[in-house]
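Geometric and topological summary
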Protein chains: 2
Amino acid sequence: MKRIAESTVRRLSLYLSFLEGIDRQGLKTISSDELARLGGTTSAQVRKDLSLFGSFGKRGLGYSVPELSGKLREILGLGKQWRVCIIGAGKIGAALARYRGFAERGFNVTAVYDSDEAKIGKRWENLTVRPISELEKDATKQDFDIAVVATPAENTPAVAKQVVRAGIKAILNFAPVQLSVPSDVTVRNVNMAMELEGLSFALSNRGE
Amino acid sequence: MKRIAESTVRRLSLYLSFLEGIDRQGLKTISSDELARLGGTTSAQVRKDLSLFGSFGKRGLGYSVPELSGKLREILGLGKQWRVCIIGAGKIGAALARYRGFAERGFNVTAVYDSDEAKIGKRWENLTVRPISELEKDATKQDFDIAVVATPAENTPAVAKQVVRAGIKAILNFAPVQLSVPSDVTVRNVNMAMELEGLSFALSNRGE
DNA sequence: ATTAGTTTGTGAACTAATTCACAAGCGCCA
DNA sequence: TGGCGCTTGTGAATTAGTTCACAAACTAAT
Ligand SMILES: NC(=O)c1ccc[n+]([C@@H]2O[C@H](COP(=O)([O-])OP(=O)(O)OC[C@H]3O[C@@H](n4cnc5c(N)ncnc54)[C@H](O)[C@@H]3O)[C@@H](O)[C@H]2O)c1
Ligand SMILES: NC(=O)c1ccc[n+]([C@@H]2O[C@H](COP(=O)([O-])OP(=O)(O)OC[C@H]3O[C@@H](n4cnc5c(N)ncnc54)[C@H](O)[C@@H]3O)[C@@H](O)[C@H]2O)c1
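Reading the values: rules and limits
- Residues numbered from 1 in each chain as written.
- Chains lettered and ligands numbered in written order.
- Predicted model: local features only at pLDDT ≥ 70, side-chain atom pairs only at ≥ 80, totals over all residues.
- Heavy atoms only, no water.
- Near = heavy atom within 4 Å.
- Polar contact = N/O pair within 3.5 Å; in protein donor to acceptor, adjacent residues only side chain to side chain.
- Areas by Shrake-Rupley, 256 points an atom, 1.4 Å probe, with all protein chains shown as cover.
- Helix = DSSP H or I, 4+ residues; strand = E, 2+ residues; numbered from the N terminus.
- Nonpolar A, V, L, I, M, F, W, Y, C, P; charged D, E, K, R; others polar.
- Pairing = 2+ DSSP bridges.
- Contact = heavy atoms within 4.5 Å.
- Axes fitted to C-alpha atoms, helices over the stretch in contact; angles between N-to-C directions.
- 1 Å grid on protein atoms, 1.4 Å probe; cavity = no way out; pocket = protein on both sides within 12 Å on 5 of 7 lines; lining within 4 Å.
- Points joined across faces, edges and corners; volume = space filled by probe spheres on them.
- Core = buried A, V, L, I, M, F, W, Y, C linked by side-chain atoms within 4.5 Å.
- Buried < 20%, exposed > 50% of the residue type's maximum accessible area, 1.4 Å probe, protein only.
- Buried area = accessible area lost by both parts, 1.4 Å probe.
- Salt bridge = Lys/Arg side-chain N within 4 Å of Asp/Glu carboxyl O.
- Least-squares fit on C-alpha atoms with pLDDT ≥ 70 in both.

**Some thoughts on the site of ligand 2**
Near ligand 2 there are 24 residues, and of these A:Y99, B:D114, B:K119, B:T151 and B:N155 occur at the shortest range. Near ligand 2, the surrounding residues are drawn from chains A and B. Interatomic distance of 2.5 Å between a side-chain N/O atom of B:D114 and an oxygen atom of ligand 2. In isolation ligand 2 exposes 820 Å². Once the protein is present, 87% of that is buried. Of all the secondary-structure elements, those providing two or more residues to the shell around ligand 2 are α5 (91–97) of chain A together with α5 (91–97) of chain B.

**Details of the protein's contact with DNA strand D**
By nearness alone, 23 residues border DNA strand D, and A:S32, A:R47, A:G57, A:Y63 and B:R59 come closest of all. Take the atoms of DNA strand D that sit within 4 Å of the protein: sugar and phosphate atoms are 63% of them. One nitrogen or oxygen atom from the main chain of A:G57 is found 2.9 Å from a phosphate oxygen belonging to DNA strand D. The side chain of B:T42 places a nitrogen or oxygen atom 3.4 Å from a phosphate oxygen of DNA strand D.

**Notes on the site of ligand 1**
Near ligand 1 lie 23 residues; those nearest to it are A:D114, A:K119, A:T151, A:N155 and B:Y99. This site is not confined to one chain, since residues near ligand 1 come from chains A and B. A:D114 is positioned such that a nitrogen or oxygen atom in its side chain is 2.5 Å from an oxygen atom of ligand 1. Contact distances for ligand 1 include 3.3 Å between a nitrogen atom and a backbone N or O atom of A:S115. Coverage of ligand 1 by the protein amounts to 87% of the 820 Å² it exposes when considered alone. Secondary-structure elements contributing two or more residues to the shell around ligand 1 are α5 of chain A together with α5 of chain B. For the shell around ligand 1, a count of residues per class yields 14 nonpolar, five polar and four charged.

**Overview of the sheet that holds strand β9 (residues 170–173) of chain A**
Residues and elements named next belong to chain A. The sheet built from seven strands is open, its strands ordered β6-β7-β5-β4-β8-β9-β10 with mixed pairing. Of all strands in the sheet, those with a lone pairing partner are β6 (123–124) and β10 (186–189), marking the two edges. Where strand β4 (residues 82–87) and strand β8 (residues 146–149) come together, four bridges link them in parallel fashion. Bridge assignment links I86 to a residue of β8, and that residue is V148. Docked against the sheet, helix α7 (residues 135–142) engages β4, β5 (107–114) and β7 (127–131), running at close to 160° with respect to β5. Packed on one face of the sheet, helix α8 (residues 156–165) meets β4, β8 and β9 and runs near 170° to β8.

**Overview of empty space enclosed by the protein**
The gaps left among the atoms become clear once a water-sized probe is rolled over them. All names here are of chain B. If you walk through the whole model with that rule in mind, you get one cavity of 30 Å³ or more. Within this model, the largest cavity holds a volume of roughly 40 Å³. Of all the secondary-structure elements, those providing two or more residues to the lining of the largest cavity are β4 (82–87) and β5 (107–114). Of the residues in the lining of the largest cavity, the class split is eight nonpolar, no polar and no charged.

**Focus: the protein's contact with DNA strand C**
Around DNA strand C sit 23 residues in total, of which A:R59, B:S32, B:R47, B:G57 and B:Y63 are the nearest. Protein-proximal atoms of DNA strand C, defined as those within 4 Å of the protein, fall in sugar or phosphate at a share of 59%. In the model, a base nitrogen of DNA strand C is placed 3.0 Å from a nitrogen or oxygen of the A:R59 side chain. Separating a base nitrogen of DNA strand C from a side-chain N or O atom of B:R47 is a distance of 2.6 Å. Elements with a minimum of two residues in the surface near DNA strand C: α3 (43–51) of chain A together with α3 (43–51), β2 (57–58) and β3 (62–64) of chain B. Here the element with the most residues in the surface near DNA strand C is α3(A); it accounts for four residues. The class makeup of the residues in the surface near DNA strand C is five nonpolar, ten polar and eight charged.

**Digging into the nonpolar core**
Counting residues in each nonpolar core, the largest one holds 102 residues, and the members touching the most others are A:L72, A:I146, A:F174, A:M192, B:L72, B:F174 and B:M192. Not counting the four nearest positions on each side in its chain, B:L72 is found in contact with B:L12, B:Y15, B:L16, B:L19 and B:L50.

**As for the interface of chain B and chain A**
Of the residues lining the interface, 55 residues belong to chain B; the matching set on chain A comes to 55 residues. Across the chain B to chain A interface the summed buried area is about 5100 Å²; carbon plus sulfur atoms make up 71%. Broken down residue by residue, the surface that chain B buries against chain A is led by B:L196, B:E197 and B:F201, which jointly contribute 14%. For the pair chain B and chain A, the number of links is six salt bridges. With a shortest N-O distance of 2.3 Å, B:R10 and A:E195 are connected by a salt bridge. Elements represented by at least two residues in the side of chain B that touches chain A include exactly α1 (6–24), α2 (32–39), α5, β9 (170–173), β10 (186–189) and α9 (192–204) of chain B. The biggest single contributor to the side of chain B that touches chain A is α9(B), with 13 residues. Here the side of chain B that touches chain A is built from residues that sort into 34 nonpolar, nine polar and twelve charged.

**Regarding the pairing of β5(A)**
Along any regular strand, the residues point their side chains to alternate faces of the sheet. Residue and element names in this part refer to chain A. As judged from the six bridges shared by β4 and β5, these two strands associate in the parallel manner. Looking across to β5, one finds that C85 is bridged to A111. In this structure, β5 lies alongside β7, joined through three bridges in parallel fashion. Looking at the pairing, D114 lines up with P131 of β7.

**Examining the relation of the copies chain B and chain A**
Least-squares fitting of chain B to chain A yields an RMSD of 0.1 Å, with the superposition described by an axial translation of 0.0 Å and a rotation of 180°. A rotation of that kind, with that shift, is consistent with a two-fold axis.

Okay, here's the thing in structure tokens:
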């Protein structure tokens, strides 16, 4: 299969969320044009994105909402349940662990780790905070798919090393540092300071 | 000035954070090549990004770390202090309000809003949660620059309308919905479900 | 003062992503 | 059955973004 751009994957994810809304409204079909309007893009873009994976629509009619949802879920790998661990039982970790939106999409938080003695052993929702030193051992049994890393920036490179050693192949990183990992490990960064700086730039350069 | 791509702004932001690290290490100059290695890009990219705004380096030497930091801060509009309000005093809102990393970069959270009677009036750090209905009135006095929106998806379009009516020109949106706002308002989305789906896609399509 | 060794800044070349534009397919109706 | 209105799927054209490649500028060493 040809290489798919990250921007394409982001849009697919967006289309899926729109389709779920449309489905709740009870509509049966949708055109590339409507999908484009919802996503702030063009109908050609929508059709091109989808055409990378097959042809799912009916000419003259559009796309069947449930069918396209299903295809997108399949493309995005949402058919299975993913096992997620959260590392760093702090403020962000707490918000994420308690967020129901993830499980709804098949991302199940099955463990939380921290290095702080004061936090280890505490109950967190239906989980107990475990010592980070046990991550590697636990991983052989639990087989985590994704690690969500929410530790202080200075410790995060070391944490990433442990995650890699534990054999986890995907990391969602909230610390404002660039992680260096082997090429078979995928990292996505959520860097809020960077987003705010993007807004700052936009505010500072309006009308130029 | 010519249009600057969002990807460029993200990289500038990244360079700045590297420069701050380098500065703490006490190094005085850095080459485009080293900066590129830190950011996982190429030296030509670094130089091209910077050349969009001027020429800040010395041939044969590289860039002065404090000078380039200063220039980047200026470019990104980090010279001033920004007034930020958080809307939605829930799990994510709480994590953000308590995060010190923002103020360090000039983003000062000066108010928190919610619609829940049970939360209104409560103290949050050095702030008191205010009723969202007062946002518009408060904005005329406080003159917020940026609204961080962390409300449930279903209420968020309405919240965005209120933010726009309050005259705020930049929104950082955490709800998994696409906001439609006038063209003079800039929106950045942080959509964690989308990031996880990106990882899911990567895990599902390795080696193809 | 000259030379050797670096590293910038930037047009030109290239690659990737988006948009155009239209033939072809489908449903509906007469 | 044929024609009309609509919408897809996709090569071609265009636009945007990245990388190449090299002259120019600077330091340090002799
Ligand atoms: N709080 C926010 O709103 C926010 C916003 C943007 C970015 N971030 C980033 O997210 C990360 C976490 O932020 P936070 O506010 O939740 O911090 P926090 O201090 O509340 O939590 C960090 C947790 O990580 C744990 N920890 C430290 N070292 C560890 C290690 N080696 N292994 C395992 N656990 C370890 C700490 O014990 C603590 O419980 C930071 O990198 C921060 O910059 C946070
Ligand atoms: N918690 C997470 O880790 C997480 C992760 C990803 C995305 N999100 C998204 O962030 C948003 C907030 O999530 P959360 O977990 O903090 O939810 P939450 O329920 O803890 O908090 C939401 C808050 O918004 C308030 N609110 C509701 N309607 C409002 C209105 N019209 N005006 C002002 N305030 C209003 C509620 O009273 C509540 O205090 C949601 O859209 C969620 O999907 C959260």
